[in-house]
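Spelled out from the first residue to the last, the chains are:
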Amino acid sequence: KAGVTQTPRYLIKTRGQQVTLSCSPISGHRSVSWYQQTPGQGLQFLFEYFSETQRNKGNFPGRFSGRQFSNSRSEMNVSTLELGDSALYLCASSFRDIYGYTFGSGTRLTVV
Amino acid sequence: AQTVTQSQPEMSVQEAETVTLSCTYDTSESDYYLFWYKQPPSRQMILVIRQEAYKQQNATENRFSVNFQKAAKSFSLKISDSQLGDAAMYFCAYRSKGSQGNLIFGKGTKLSVKP
């Protein structure tokens, strides 16, 4: 069974640009969550999608947005990139929340 | 708001020995879930063990077990017979029953295993 796949693995962008990250969940998982991981703030929840609907959202500015497609694949978009957006972005999928979440290997975003 | 605290930034254990990682959390809720995740240098977070708050029995998964003290809001992870492959960052996480997808993580404990 394939795991959670995140693409790309690494990304370098310039301040002011926008970026789109992709996450393909495990087959059958309809819940997809996104997290930002930085050395200073640790792991912070961005948002969660289930059946194409955002069910939960963390405390991030509106520059951070996401969506989920009918096949449960999810994308995350960050507009007007800032240096502080440099981070590891992790995606996690779940069949049922209580069973825990399976994470991908993340996308390392560097903003220069 | 709920918070998760891991008071040990780094720990070290000898191979084959036992080590316990600490985690405390703050919540006013009575029903929630707790998790321990492992993050090796490969970056992928791996679920080690989970506990449902309404279950008093401590969860175990092979060499990994937890000591869940609900009244004390403590959720420690015990790793028995430590192996070199156990070296990683370990994160404790909390999730409210009604908060889908929102895991609240501690800052992590870096575990080193000495041969």
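As the structure is a prediction and not an experimental result, all values here were calculated from the model. (Residues numbered from 1 in each chain as written. Chains lettered and ligands numbered in written order. Predicted model: local features only at pLDDT ≥ 70, side-chain atom pairs only at ≥ 80, totals over all residues. Heavy atoms only, no water.)

1. Here we look at the environment of Ser96(B)
Examined against the element boundaries, Ser96(B) turns out to sit in strand E10 (residues 88-96). Separated by 63 residues in the primary sequence, Ser96(B) and Tyr33(B) have C-alpha atoms spaced 6.5 Å apart. (Helix = DSSP H or I, 4+ residues; strand = E, 2+ residues; numbered from the N terminus.)

2. Brief notes about the sheet that holds strand E7 (residues 64-68) of chain A
All names here are of chain A. Spatially, E1-E3-E8-E7 is the arrangement adopted by the four strands of the open sheet, whose pairing is antiparallel. Strands with a single pairing partner mark the edges of an open sheet, and in this sheet they are strand E1 (5-7) and E7. Neighbour-to-neighbour, the strand axes of the sheet open up by a mean angle of 20°, direction not taken into account. Pairing analysis gives five bridges linking strand E3 (residues 19-24) to strand E8 (residues 74-78), with the strands arranged antiparallel. Looking at E8, one finds that Thr 20 is bridged to Asn 77. (Pairing = 2+ DSSP bridges. Axes fitted to C-alpha atoms, helices over the stretch in contact; angles between N-to-C directions.)

3. Considerations on the interface of chain B and chain A
Each side of the interface is counted separately: chain B has 19 residues, and chain A has 26 residues. At the boundary of chain B with chain A, total buried surface from both sides reaches about 1,900 Å², with 48% on carbon and sulfur atoms. Of all residues in chain B, the largest losses of buried area upon contact with chain A belong to Arg43(B), Gln100(B) and Gly101(B), amounting jointly to 35% of the total for that side. Along the contact surface separating chain B from chain A lie zero salt bridges. Across the chain B-chain A interface, the total number found is 10 residue pairs in polar contact (both at pLDDT 80 or more). Broken down by secondary-structure element, the contributors of at least two residues to the side of chain B that touches chain A are strand E5 (32-39), strand E6 (46-52) and E10 of chain B. (Contact = heavy atoms within 4.5 Å. Buried area = accessible area lost by both parts, 1.4 Å probe. Salt bridge = Lys/Arg side-chain N within 4 Å of Asp/Glu carboxyl O. Polar contact = N/O pair within 3.5 Å; in protein donor to acceptor, adjacent residues only side chain to side chain.)

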